[in-house]
Amino acid sequence: MNSKQPGFSLLELIVVLIIIGVLAVSLLPRFFDATGTSEYVYQDEVANLLRLQQMQAMQCTRCAVSNIAVSATSILAAGASCADDSSQALCPAARDNIRFSASHSPLGFDSLGRPVGCGGACQISIQGSNTLRICIESEGYIHPC
């Protein structure tokens, strides 16, 4: 009686293990390294901070314009600091290696949500592995550009 049991040969198992090893070596570092992706996270956070300030300016029509200061290492609404843990301050971690720059600083919003301090459209750049931009149009539309 010569019965063959179905299964994998030793050669097939070795080939599968080699393929899994090659994939693990080439793909695993991508899951544990934020290089090239942290800029997109900060782009969303900058847009959210700007929209929050814009909404506050539109809700408080008799308040003074709340300025947003953009420096290389932070974006701060009036009265906020990096020591605060609030939605008014955006201070990237040093490991993310992110820098900000703006076409005009400080900038703010009037009671209609339009940018003040940049004479029309403004841009904020987020620089890391990639350079991304947030545009604030003269009518107040905030979007990635």
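As the structure is a prediction and not an experimental result, all values here were calculated from the model.

Trainee: Mind showing me how you'd approach the state of the cysteines here?
Mentor: Chemically, a disulfide is nothing more than a covalent bond linking the sulfur atoms of two cysteines. One pass over the structure, following the stated rule, counts two disulfides. Two residues, Cys-82 and Cys-91, share a disulfide whose sulfurs are 1.9 Å apart. Because the torsion about its S-S bond is -85°, the bridge between Cys-82 and Cys-91 counts as left-handed. Since its relative accessible area comes to 43%, Cys-82 is described here as partly exposed. Residue classification places Cys-91 among the partly exposed residues on the basis of a relative accessible area of 30%. Bridging Cys-135 to Cys-145, the disulfide has an S-S length of 1.9 Å. Its S-S torsion of approximately 80° makes the covalent link between Cys-135 and Cys-145 right-handed. Taken together, the residues Cys-135 in strand 8 (residues 131-136) and Cys-145 in the segment after strand 9 (142-144) connect sequence positions ten residues apart. Given a relative accessible area of 8%, Cys-135 falls into the buried group.

Trainee: Which parts of the structure should I look at to understand the sheet that holds strand 1 (residues 68-70)?
Mentor: The strands that make up a sheet pair up through hydrogen bonds in the backbone, lying either parallel or antiparallel. What the three strands build is an open sheet, ordered 1-2-3; its pairing is antiparallel. The open sheet has two edge strands with one neighbour each: strand 1 and strand 3 (89-90). Both strand 1 and strand 2 (residues 75-77) contribute to a ladder of three bridges, which runs antiparallel. If you follow Val-70 over to strand 2, its bridge partner there is Ile-75.

Trainee: Is there a simple way to explain the sheet that holds strand 9 in this structure?
Mentor: The sheet built from four strands is open, its strands ordered 4-7-8-9 with antiparallel pairing. The sheet is open, and its two edges are formed by strand 4 (99-102) and strand 9, each paired on a single side. For this sheet the average axis-to-axis angle between neighbouring strands, irrespective of direction, equals 20°. On top of the sheet, helix 2 (residues 38-59) reaches strand 4, strand 7 (122-127), strand 8 and strand 9; it is set at about 15° to strand 8, its chief contact.

Trainee: Would you mind showing me how to read unusual backbone geometry here?
Mentor: Of note, the phi angle at Asn-97 is positive, near 55°, even though the residue is not glycine. Looking at the element boundaries, Asn-97 is found in the loop between strand 3 and strand 4.

Trainee: Teacher, can you tell me more about the nonpolar core here?
Mentor: Generally speaking, soluble globular proteins have nonpolar side chains that are buried together. Membership of the largest hydrophobic core comes to 21 residues, with the highest contact counts inside it found for Val-46, Leu-50, Ile-75 and Phe-100. Among the secondary structure elements, those contributing two or more residues to this core are helix 2, strand 1, strand 7 and strand 8. Setting aside residues up to four positions removed in sequence, Leu-50 forms contacts with Ile-68, Leu-107, Phe-109, Ile-124, Ile-134, Ile-136 and Ile-142.

Trainee: Just checking my understanding: could you explain the pairing of strand 8 for this structure?
Mentor: On a regular strand, each side chain points to the face opposite its neighbour's, so the side chains alternate between the two faces of the sheet. Note: strand 7 against strand 8, six bridges, orientation antiparallel. The residue bridging Cys-122 from the neighbouring strand is Ile-136, located in strand 8. What sits between the antiparallel neighbours strand 7 and strand 8 is a turn of three residues.

Here is what the cut-offs are and how they apply
- Residues numbered from 1 in each chain as written.
- Predicted model: local features only at pLDDT ≥ 70, side-chain atom pairs only at ≥ 80, totals over all residues.
- Heavy atoms only, no water.
- Disulfide = S-S within 2.5 Å.
- Buried < 20%, exposed > 50% of the residue type's maximum accessible area, 1.4 Å probe, protein only.
- Helix = DSSP H or I, 4+ residues; strand = E, 2+ residues; numbered from the N terminus.
- Pairing = 2+ DSSP bridges.
- Axes fitted to C-alpha atoms, helices over the stretch in contact; angles between N-to-C directions.
- Contact = heavy atoms within 4.5 Å.
- Core = buried A, V, L, I, M, F, W, Y, C linked by side-chain atoms within 4.5 Å.

Nothing here speaks to function; it is all geometry.
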